[in-house]
Amino acid sequence: MRKVAVSFVSLLLLSCTMKKEEPVSFVEENIAFARAQIGREIAFIESSGKVLNPVTVKPEGGVYYCDYTDWRSSFSGLGMVPV
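Residues numbered from 1 in each chain as written. Predicted model: local features only at pLDDT ≥ 70, side-chain atom pairs only at ≥ 80, totals over all residues. Heavy atoms only, no water.

Our focus in this paragraph is the overall build of the chain. The helix and strand inventory of the chain stands at 2 helices and 2 strands. The linear arrangement of helices and strands in the chain, starting from the amino end, is α-α-β-β. Looking at the chain as a whole, 6% of its 83 residues qualify as buried. In the chain, of all internal contacts separated by at least 6 residues, the share reaching a separation of at least 24 is 3%. Only carbon and sulfur atoms are counted for the fraction: they give 65% of the accessible area of the chain, which is about 7900 Å². (Helix = DSSP H or I, 4+ residues; strand = E, 2+ residues; numbered from the N terminus. Buried < 20%, exposed > 50% of the residue type's maximum accessible area, 1.4 Å probe, protein only. Contact = heavy atoms within 4.5 Å. Areas by Shrake-Rupley, 256 points an atom, 1.4 Å probe, with all protein chains shown as cover.)

Here it is in structure tokens:
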């Protein structure tokens, strides 16, 4: 009987301290993905020791980095946004 009481009290204490996991929202999940993606890009650029800009994604799925002499490195899509 004592074991049952101790087990019950232990279960009661554990259930009070356990937190229910909140589901991650769609927005939070995408922000975390973007943060990781930008972090990998920064790490790659810094490790190269050059001035590189991510321009586009290769057909194989990798990112193409151009240096500052490439015309695409100064291209900004903001020029196409109507004011």
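Moving on from the model shown.
Turning to helix H2 (residues 26–48), a few remarks are in order. Between the first and last C-alpha of H2 there are 33 Å, a value that for 23 residues agrees with the 33 Å anticipated at 1.5 Å per step. Of the residues trailing H2, glycine 49 is marked for its positive phi of about 75°. (Expected span 1.5 Å × (residues − 1).)

Once that is clear, we can look at the environment of isoleucine 42. Checked against the element boundaries, isoleucine 42 lands in helix H2. Residue isoleucine 42 is classed as partly exposed on the basis of its relative accessible area, which comes to 45%. Through-space distance from the C-alpha of isoleucine 42 to that of leucine 52 is 9.7 Å; in sequence the pair is 10 residues apart.

Moving on: the pairing of strand E1 (residues 52–57). The pairing of E1 with strand E2 (residues 63–67) spans 5 bridges and is classified as antiparallel. Residue asparagine 53 lies in a different strand from E2, and its bridge partner there is cysteine 66. Where E1 hands over to E2, the hairpin turn is made up of 5 residues, of which glycine 61 adopts a positive phi near 110°. (Pairing = 2+ DSSP bridges.)

With that out of the way, let us pick up the confidence of the model for the chain. With 72% of its residues at a pLDDT of 70 or more, the chain shows a mean pLDDT of 76. For the chain, the element scoring lowest by mean pLDDT is helix H1 (residues 2–17), at 68; H2 scores highest, at 89. (pLDDT = per-residue confidence, 0-100.)

This brings us to a nonpolar patch on the surface. Taken together, Phe26, Val27 and Ile31 make up a surface patch of nonpolar side chains, about 340 Å² in accessible area. Position of valine 27 relative to the elements: it lies in helix H2. (Patch = residues over 30% accessible without salt bridge, like charges linked within 9 Å, V, L, I, M, F, W, Y side chains within 5 Å. Salt bridge = Lys/Arg side-chain N within 4 Å of Asp/Glu carboxyl O.)

Another point: the environment of tyrosine 68. By the secondary structure assignment, tyrosine 68 is in the segment after E2. Linking tyrosine 68 and lysine 50, residues 18 residues apart in sequence, is a C-alpha distance of 9.0 Å. Leave out the neighbours within four places in its chain, and tyrosine 68 touches Val51 and Ser73.

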